[in-house]
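Commentary on secondary and tertiary structure
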Amino acid sequence: MGLPSPYEDWLVAITGAPLPREERATCHDCAMCAPDAPGGTFHPVTRCCTYVPRIPNFMLGRILADTDPAAEEGRATVLRRLASGHGLSPLGLEVVGADQAAYEKVIEEQSFGRSDELRCPHHLSDGRCGIWKHRNGICATWFCRHEDGALGERFWEATQRMLTEVERAVGYWVARRVRYPAGATDEQAADEALFNCDWGPWIGREEDFFLACAREFEALSWARVRQIGQRHLQTLARTVADRAAERTGPLPVRLRSNRADWHGTLPGDRVLAYSAIDPLVVPADLLEALEAFDGRRVPEVLAELAEGGIEVDADLLRALRAFEVLVPAEG
Ligand code: SF4
Ligand code: SF4
């Protein structure tokens, strides 16, 4: 379940470690389609694809250039969007008008994943994503469940912000290179023209334009992308590295129960702490005794629990902290 190339390699370079695989988000047998899924079972067809994705110009070019027969059905979904002209500009396929309003309605009615009123146009009849290899940074970083609970979610949220900025900044950069091969004298005016659908000599040859954008993109290293994205992207990348370090870093010296902020509990000793849809199973005896974590130093609390016959091993303690059943305490 890797990220699209070269995002995966860039993130490994940024974080210095392999990416979490989020194997609890079992898309082949959707974890949220189970009858007892917390918060309500997801729709068996649309699942979490109740959303129309933005596709940046260089990703469009990569999809068009992908001649793998297995990708053909997905490519056809993109060609249909291109032919409609809806949201089309030299920057790619934007989400506009009715699609944006439909998504806002899904969020407002809290029916994300549970409604088939909105379905991604690239979601194939057999449930696969038609553009999986070239999906955008939002699709690539959303998971219903996280191995490292809240710490995993925070890592992916930071990654999503960074990749979305990559897609914005690099989208403008490659479009400028293709539209103005001799260089734009006024970059701001050029960007405005691109935003306002000035195709120049590419009018009527939009697919060729996107293929050329993809070629510009393929030549970029992460170091070059960092330069293109300037200080804003560099700050976002540092946050990704910080969030990755947080996932694997040492436990806080003091922890306290976070019960007041939990979303709730479920049968089977499942606790919904940081998330309303991602539970953690906590042994029943420990669940009863969690208030012992009252901000004292962790070894002291563990010794007290052990005296009462409750053993908390290192893995369970890490999970309790990661899922925010327990949170760091001041002191
Ligand atoms: S990420 Fe989406 S498809 Fe995958 S298991 Fe979760 S809800 Fe289901
Ligand atoms: S692009 Fe793929 S992953 Fe993203 S919403 Fe559509 S079908 Fe789902």
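Residues numbered from 1 in each chain as written. Chains lettered and ligands numbered in written order. Predicted model: local features only at pLDDT ≥ 70, side-chain atom pairs only at ≥ 80, totals over all residues. Heavy atoms only, no water.

**So, the site of ligand 1**
Neighbouring ligand 1 are A25, T26, C27, C30, A31, M32, F42, C48, W142 and C144. Under a 2 Å grid-point criterion requiring more than half of the atoms, the pocket assigned to ligand 1 is the largest pocket. Here the residues of the shell around ligand 1 sort into 9 nonpolar, 1 polar and no charged. (Near = heavy atom within 4 Å. 1 Å grid on protein atoms, 1.4 Å probe; cavity = no way out; pocket = protein on both sides within 12 Å on 5 of 7 lines; lining within 4 Å. Sits in = over half its atoms within 2 Å of the grid points. Nonpolar A, V, L, I, M, F, W, Y, C, P; charged D, E, K, R; others polar.)

**Brief notes about the site of ligand 2**
Neighbouring ligand 2 are the residues C49, Y51, P53, C120, H123, C129, I131 and C139. In a pocket analysis with a 2 Å cut-off to the grid points, ligand 2 is assigned to the largest pocket. For the shell around ligand 2, the class distribution of residues is 7 nonpolar, 1 polar and no charged.

**Looking at the packing of helix α6 (residues 149–179) against helix α8 (residues 206–218)**
At a closest axis distance of 9 Å, the pairing of α6 and α8 adopts a crossing angle of 115°. The angle between α6 and α8 falls in the class roughly perpendicular. Our pair here, α6 against α8, has a crossing hand that is right-handed. Taking contact as the criterion, the partners of V170, W173, V174, A175, R177, V178 and R179 in α6 are, on α8, F209, A212, C213, E216 and F217. Tallied by class, residues from the contact of α6 with α8 come to 9 nonpolar, no polar and 3 charged. (Axes fitted to C-alpha atoms, helices over the stretch in contact; angles between N-to-C directions. Helix = DSSP H or I, 4+ residues; strand = E, 2+ residues; numbered from the N terminus. Parallel < 35°, antiparallel > 145°, perpendicular 65-115°, else oblique. Left-handed = near helix turned anticlockwise from the far one by under 90°. Contact = heavy atoms within 4.5 Å.)

**Notes on the domain arrangement of the protein chain**
Examined at the domain level, the protein chain breaks down into domain 1 (7–248) and domain 2 (254–328). Averaged C-alpha coordinates put domain 1 and domain 2 at centres separated by 36 Å. For the pair domain 1 and domain 2, the summed buried area comes to about 1100 Å², and 52% of that belongs to carbon and sulfur atoms. The tally of links between domain 1 and domain 2 comes to 3 salt bridges. Notably, a salt bridge pairs R154 with E324, separated by 3.2 Å at the nearest N-O pair. Here the side of domain 1 that touches domain 2 takes 5 residues from α6, the largest share from any one element. Counted by class, the side of domain 1 that touches domain 2 contains 5 nonpolar, 4 polar and 9 charged residues. (Domains from an automatic or database assignment. Buried area = accessible area lost by both parts, 1.4 Å probe. Salt bridge = Lys/Arg side-chain N within 4 Å of Asp/Glu carboxyl O.)

**Some points on the side chain of H43**
One can find H43 in the loop between α1 (7–15) and β1 (55–56). Polar side-chain contacts of H43 include one of 3.4 Å to the backbone nitrogen of T46. Setting aside anything within four residues of it in sequence, one finds H43 in contact with C33, G113, R114, S115 and D116. (Polar contact = N/O pair within 3.5 Å; in protein donor to acceptor, adjacent residues only side chain to side chain.)

**Here we look at the environment of L79**
Relative to the elements of secondary structure, L79 occurs in helix α3 (residues 72–84). On the basis of relative accessibility, which here comes to 33%, the residue L79 falls in the partly exposed class. Taking the C-alpha atoms as reference points, L79 and L60, 19 residues apart in sequence, are found 9.5 Å from one another. The contact partners of L79, leaving out residues within four places of it in the chain, are L64 and E207. (Buried < 20%, exposed > 50% of the residue type's maximum accessible area, 1.4 Å probe, protein only.)

**With respect to the layout of surface pockets**
By volume, the largest pocket amounts to about 1200 Å³. Along its surface, the largest pocket is lined by 49 residues, and C48, F112, W142, F143 and C144 are the ones closest to its centre. Elements with a minimum of two residues in the lining of the largest pocket: α4 (97–108), α5 (137–141) and α6. For the lining of the largest pocket, the leading source of residues is α6, giving 5 residues. Both of domain 1 (7–248) and domain 2 (254–328) provide at least three residues apiece to the lining of the largest pocket. Every residue lining the second largest pocket is counted, 13 residues in all, and those nearest its centre are R168, A169, R176, I228 and Q230. At the level of elements, α6, α7 (187–195) and α9 (222–248) are the ones that each hand at least two residues to the lining of the second largest pocket. Across the lining of the second largest pocket, the residue classes tally to 4 nonpolar, 4 polar and 5 charged. (Points joined across faces, edges and corners; volume = space filled by probe spheres on them.)

**Remarks on the sheet that holds strand β4 (residues 254–257)**
Sheet architecture is open: 3 strands sit in the order β8-β4-β9, paired in antiparallel fashion. Each edge of the open sheet carries a strand with a single partner, namely β8 (294–297) and β9 (326–328). Averaged over neighbouring strand pairs, the angle between their axes works out to 35° when direction is ignored. Two elements, β4 and β9, share 3 bridges in a ladder whose sense is antiparallel. Across the sheet, the residue bridging to L255 is P328, located in β9. Sheet strands in contact with helix α11 (residues 298–307) are β4 and β8, and its direction is about 100° off that of β8. Against the sheet, helix α12 (residues 314–322) touches β4 and β9, its axis set at about 75° to β9. (Pairing = 2+ DSSP bridges.)

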